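Examining the three-dimensional arrangement
So the chains spell out like this:
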Amino acid sequence: MTGRAGIANRRRPRFRRREALLLGGVAGAIACGWVSLASTVAGRPSVGDPSLLLAFLGLLAAAHAVLSLAGSRCDEVLLPVTGLLMGLSLLIMVRLPQGLVVQEFGPLELGLAPLQLTFIGLSLTAATVIAVALRSDLWLRSYKYTWAAAGIALLLLVFAFGEETNGARLTLRVGPVAGQPSELLKILLVVFLAGYLADNRALLAARVTRLGPLRLPPLPYLLPMLAMWGIALTIVVVQRDLGAALLFYAVFLVLLWVATQRLGDLALGVLLFVVGAVVLYALFPHVRERVEIWLDPFATAQGAGFQVVRGLYALGRGGVLGTGLGAGLPGVDGHPSIPAVHTDFVFDALAEELGLAGALVILALYVVLAERGLRIASAARDDFRALLAAGVTLVVVVQAAIIVAGNARLIPLTGITLPFVSYGGSSLLANGIVLGLLLSLDDTRLAAPPPAQAIGRRERLRDAAGAVAGRVERVIS
Amino acid sequence: MDPLAISLWIIRLAFLAALYAFLYLVLRALWRDLQANLRGADRPLGRLRVVASPDGIPSEGSVFALDAINTLGRDVNNTVVVDDAFASGRHAGLTYRGRSWYLEDLGSTNGTWLNGERVVAPMLLGWGDEVQVGRVRLRLDRPDVPPAIR
Amino acid sequence: MSGLPDLPALGAPPRIGPALLRVALALIVVYGAIGAGLSWWQVVEAERLTSDPGNPLLLAAEREGRRGRIVDARGVVLAESVPGGDGSWTRRYPHPEAAPILGYFSPDFGSAGLERSFAAELLGLRSLAPGGDLLRKLRRDLYDPQDVQLSLDVRLQRAAVALLRGKRGAIVAIEPASGRILALASTPSFDPNRIVDPDTGAAYFADLLDRPAEASALLDRATMGRYTPGSVLKIATAVAGLGSGAITPQTVYPEQPAEERTGFLVEGFRVRDGHHPQTGQRTLDLTGAIEVSCNIWFAHAGLDIGGERFLAWGERMGFGAAIPFDVPTAASTLDGGDGFVDDVELANAAYGQSETFVTPLQMALVAAIVADRGTLMRPHVVDELRSADGRVQTIAPEVWRRVLDAGQAETIARAMQQAVEGRLGRRFAGAAKVPGVPTAGKSGTAELGGEREPHAWFIGFAPVEAPRIAVAVIVENGGAGSASAVPMGGELMAAWLKLAP
């Protein structure tokens, strides 16, 4: 064990050619967008005040430089793809009224765009540090129940001390720092699920296939599923956060299926979802309202459906080529026409100004993200890492799908952020951590997975049960 | 036709074009990775041939195709199940990293041996090297060596 | 050549790689669906969304843009933008009597009527020229305001408003062969000029909003008012009966003369009539029943038709859902929207009582169906859109539904002529007669229950052979139809035939 870290320790700086090329593409595109925006606003060819743009490009270059200098061998596509999403985010934040969010730091008063740039910096820093510095995932896999407990504690904390925004209890404030713990919670839950499923999946998968009517341990098998279902329900009831609940549950189901590959599990999960959805619909007016808005937003265009309808108008106005950055989104009496345009509805804002053409690029970027993440997962060195990589990837792309589909009225709207694009520190930080995890999981420097024995006693018990199952099976045959 | 409006639209379309150019570059990268993967997909990275096996499980002469990560041991979850009385549940790991094979001991009771040498830290090994787990000895072969010459 | 020949492959969980591939494929499908959904909104629905009256884009455009004019069928200006003091534009309405259909546009109080529903065209957010929108993006003028020409004739409109003066009610006049609206009046009404006026607007608008609902001036009674129709609905029942085959022109109910005295007992409810002194023991056929407006005959007919068929045929005439029109309309119902609970409701509905609620526009359409001998044209009031560069988009008349055979419609048309010109009919609807012109019509007196005066109704058309105008008139609480609504209908038809000989 002692020598394990020794193998790949020495690394020489290595030029990441592909990443450099793609980042060049990002820089060109964002710079072009910047000029387009500044010229539209100024009414003449202009580059405006490019300090934010340059700072952003500097951040990307720095992240690239750190990865290169550390000799990292991780994926070279992920950083540019997320970089472009962040760049689009910066453009739209610069374009929106800066007064949407204002925070004071002593004498310094920051508006929307500088704040978002700060968060982007934070996010890239987190990603780079994790990618370069993470050497072992032992602390992740060994304490999975601790992580799960931490996640649930976060949930309770929000329940107890959270502040309400837009009818959802999401924000936790500690001194001057406010954050949305559900963004972090999603990563914690994926870590737990990856650990749990990796350790028990032989058992879970073998259960029905091999021992049919015997149904080996039904409790440990059903427990996590019921727990996840319960957590999702709790989030809806307590936090009124339909988006997060849907996201957690969807990611959980997909991971469970990847681990066991039993269609029955998927069917049972979907059934539980339907039951939960019906119960929630029957019991909670806020759930019912969302569904009614979805079915006919125009019926309440001046009331509950206002936001969705305004979002659709933005889509319609955008058309195929868009209005151009800075030329869309008519303000009404100084307010942007869509409420929450910088968070939940940022996609509609981009789709209006960049048109269908631009919107499809954004969708394609998430698909690329999915491909890279799942590729990293399938090349991972053990089940835990595979499930972890797949899980964090899913968290990002499923979340994007949920909010974009909600924006486009394809499913009921649920208020969650568009990863890497929406305004918000918690969201960007959490997604930066996801990016960092994916990069480090793809790096050969990460220590080899430990043998099963090194993990906690509880897991060993499960392994023993698995072994017993094997012996029983052998006796039977 | 207003020249400013036209130039604005040229910039806007250039921006969209730049987005698509980026997308093209990314997809090209993806495509190349895919091609590379397909080329190497069918072929195992290496083979492990059983040279000696006193208990007969696995039987002598049988050959295991190797992935990038392989574990050896008595437990049924191992890639290569070595059901030998002197082997541990999870005995040894055989991994392909970068361009070379590494053998490491996973905390076995009786140790893992490479060409007769006890494996303490992960060790590099090459084609033809012999691995011993319990009393079973296995040889690392090139993937293209025809299987099983009994 | 397995490494484990004698062991079953137990315990090894399924490989993760292939599952991940499927997950990736599923994600691609999901994202593809989202892309398709976006395309739906951004390509297919884009135009409709952009010209939707609620679009904030319109609000923004309204602040800076000049709107096109609204003119009547002969080009008389009904609404136009005049420069205000500070480079802005104010709306002026030379003929405020057209207010119910025009609506108003005020930067402070929003918009209504055609000013609202045709905002996108008036502001010129869309070009009439193919590809014009693209060109407009390259030019810097964002808007291409269009003039909206109506089928309305302001002379007839003025006549209609004059007839309604001092009363609450509505008049709809329509050209049966084309569905073009000729006049659309509703009283009490408002003066859009006073809403728009920055000095008096606030007080005036507040006063308008303050009025009780039944006296509302902002409500366009012609399209949005829902009234009990009384006997004018019998024409719709006749259409449903003949169309469905439940009755024929010769249908008689032998028990009907006796029931004139005792009442027709339907599940304990007695349908009664008042024409017995004139008709005596004579059994009535369809023509006779329409001429003397026989409730008992139509109650029988309604039961013969049956609730389901009655509703289905009502739908063909436009009942049951909002009528697609150039301004919003309310839905007319035969059953209150909740089905017929029993035969009593059905029997009463067949002669226009119980839970029948209709808009004047709907009743004008019923008259127009008979007038146009069975064909229902889609009603419209906007004839043409004209852009500044002389491009014209004409909204052509369009068949909405073919409701009835020409022969069956002819029967009803002749019966309606009897109702105006016949020996017995004259007593009820004779006042609608246009001198020298064969005239068809039907009066109605909608009982409201309680102490309230009934609504007075008239629907009709002229000339009978080739109708040029069909009308629906309602005077709220106007008493018997024959007293108020009928002569108004006659005068309006006469006025039109004189104006457009």
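Description of the structure in this document. Computed from a predicted model, the values in this text were never measured in an experiment. Positions within a chain are numbered from 1, following the residues in the order the chain's sequence is written. All chains are assigned letters beginning at A, and all ligands numbers beginning at 1, according to the order in which they are written. Only residues with pLDDT of 70 or above have their local features reported here, since the model is predicted, and side-chain atom pairs are shown and tallied only from 80 upward, although totals for entire chains, interfaces and linings are computed over all residues. Side-chain calculation: all heavy atoms of the structure are included, whereas hydrogens and water are not.

**Quick look at the overall build of chain C**
- Runs of E in the DSSP output that reach at least two residues are strands. Runs of H or I that reach at least four are helices, and both are numbered from the N terminus. If you tally the helices and strands in chain C, you get 22 helices and 17 strands.
- By the burial criterion, 57% of the 501 residues in chain C qualify as buried.
- Contact criterion: two residues are considered in contact whenever any of their non-hydrogen atoms come within 4.5 Å of each other. Considering only contacts in chain C between residues 6 or more positions apart, those separated by 24 or more positions represent 67%.
- Accessible area for chain C stands at about 19,300 Å²; split by element, carbon and sulfur atoms hold 53% of it. Only protein chains enter the accessibility calculation, which uses a 1.4 Å probe. A residue is then buried if its area is under 20% of the maximum for its type, exposed if over 50%, and partly exposed in between. Note that accessible areas follow from Shrake-Rupley with a 1.4 Å probe, and for residues the cover is restricted to the protein chains shown.

**Section: the environment of Ser-46 of chain A**
Residues and elements named next belong to chain A.
- Here Ser-46 is to be found in the loop between α1 (17–42) and α2 (51–69).
- A relative accessible area of 16% means that Ser-46 is categorised as buried.
- For the pair Ser-46 and Trp-34, spaced twelve residues apart in sequence, the C-alpha to C-alpha distance is 9.3 Å.
- Those residues within four positions of Ser-46 in sequence are excluded, and the remaining contacts are Val-35, Ala-38 and Ser-39.

**Some points on unusual backbone geometry**
- A cis amide bond, omega -5°, links Thr-187 of chain C with the succeeding residue Pro-188 of chain C.
- Along the chain, Pro-188 of chain C falls in the loop between β8 (180–187) and α9 (192–196).
- Here the bond from Ala-462 of chain C into Pro-463 of chain C is cis, since omega is -15°, no more than 30 degrees from zero.
- Here Pro-463 of chain C is to be found in the loop between β16 (455–462) and β17 (469–475).
- In this structure, Ala-340 of chain A takes a positive phi of about 60° despite not being glycine.
- Of note, the phi angle at Ser-354 of chain C is positive, near 45°, even though the residue is not glycine.
- Residue class for Ser-354 of chain C comes out partly exposed when judged on its relative accessible area of 29%.

**Quick notes on α2 of chain A**
Residue and element names in this part refer to chain A.
- Between the first and last C-alpha of α2 there are 26 Å, a value that for 19 residues agrees with the 27 Å anticipated at 1.5 Å per step.
- Buried within α2 we find Leu-53, Phe-56, Leu-60, Ala-63, His-64, Leu-67 and Ser-68. The arc that holds the buried residues of α2, viewed along the axis, is 140°, so those residues lie on one side. Opposite its buried face, α2 presents the exposed residues Leu-54 and Leu-69, each directed more than 90 degrees away.
- Where α2 terminates, the next one or two residues include Gly-71, which has phi positive at roughly 70°. A helix is expected to span 1.5 Å multiplied by its residue count minus one. Note that the arc is computed from the directions linking the helix axis to the C-beta atoms.

**Some thoughts on the pattern of salt bridges**
- The salt bridge criterion pairs a side-chain nitrogen of Lys or Arg with a carboxyl oxygen of Asp or Glu, the two atoms within 4 Å. Overall, the coordinates contain 36 salt bridges over all chains when judged by the stated rule.
- Of the charged contacts in the structure, one is a salt bridge between Asp-55 of chain B and Arg-135 of chain B, with a shortest N-O distance of 3.1 Å. In this pair, Asp-55 of chain B sits in the loop between β1 (46–52) and β2 (63–66) while Arg-135 of chain B sits in the loop between β10 (130–133) and β11 (136–141), placing the two residues 80 residues apart along the sequence.
- The class for Asp-55 of chain B is partly exposed, based on a relative accessible area of 41%.
- Measuring nitrogen to oxygen at the nearest pair gives 3.3 Å for the salt bridge that ties Glu-97 of chain C to Arg-158 of chain C. One end of the pair, Glu-97 of chain C, is in the loop between β3 (89–92) and α4 (99–102); the other, Arg-158 of chain C, is in helix α8 (residues 154–164), with 61 residues separating them in the sequence.
- The class of Glu-97 of chain C is buried, set by a relative accessible area of 18%.
- The partly exposed category is assigned to Arg-158 of chain C, whose relative accessible area is 40%.
- Put simply, Arg-18, Asp-75, Glu-371, Arg-372 and Arg-375 of chain A together with Asp-33 of chain B are held in one network by salt bridges that share partners.

**Some remarks on the packing of helix α9 (residues 242–260) of chain A against helix α10 (residues 263–283) of chain A**
All names here are of chain A.
- Two elements in contact, α9 and α10, have axes separated by 8 Å at closest approach and are oriented at 165°. In this view, α9 runs roughly antiparallel relative to α10, as classed from their interaxial angle. Once α9 is placed against α10, the crossing between them reads as right-handed. Contacts between α9 and α10 pair Leu-246, Tyr-249, Leu-253, Leu-256, Trp-257 and Thr-260 from the former with Leu-263, Asp-265, Leu-266, Gly-269, Val-270, Leu-272 and Phe-273 from the latter.
- Grouping the constituent residues of the contact of α9 with α10 by class yields ten nonpolar, two polar and one charged. Lines fitted to C-alpha atoms define the axes, with helix axes restricted to the stretch in contact, and inter-axis angles between N-to-C directions lie between 0 and 180 degrees. For classification purposes, an angle smaller than 35 degrees is called roughly parallel, one larger than 145 roughly antiparallel, one from 65 to 115 roughly perpendicular, and anything else oblique. Left-handed describes a crossing in which the near helix is turned anticlockwise from the far one by less than a right angle; the clockwise case is right-handed. Nonpolar residues are Ala, Val, Leu, Ile, Met, Phe, Trp, Tyr, Cys and Pro. Charged residues are Asp, Glu, Lys and Arg, and all others, Gly as well, are polar.

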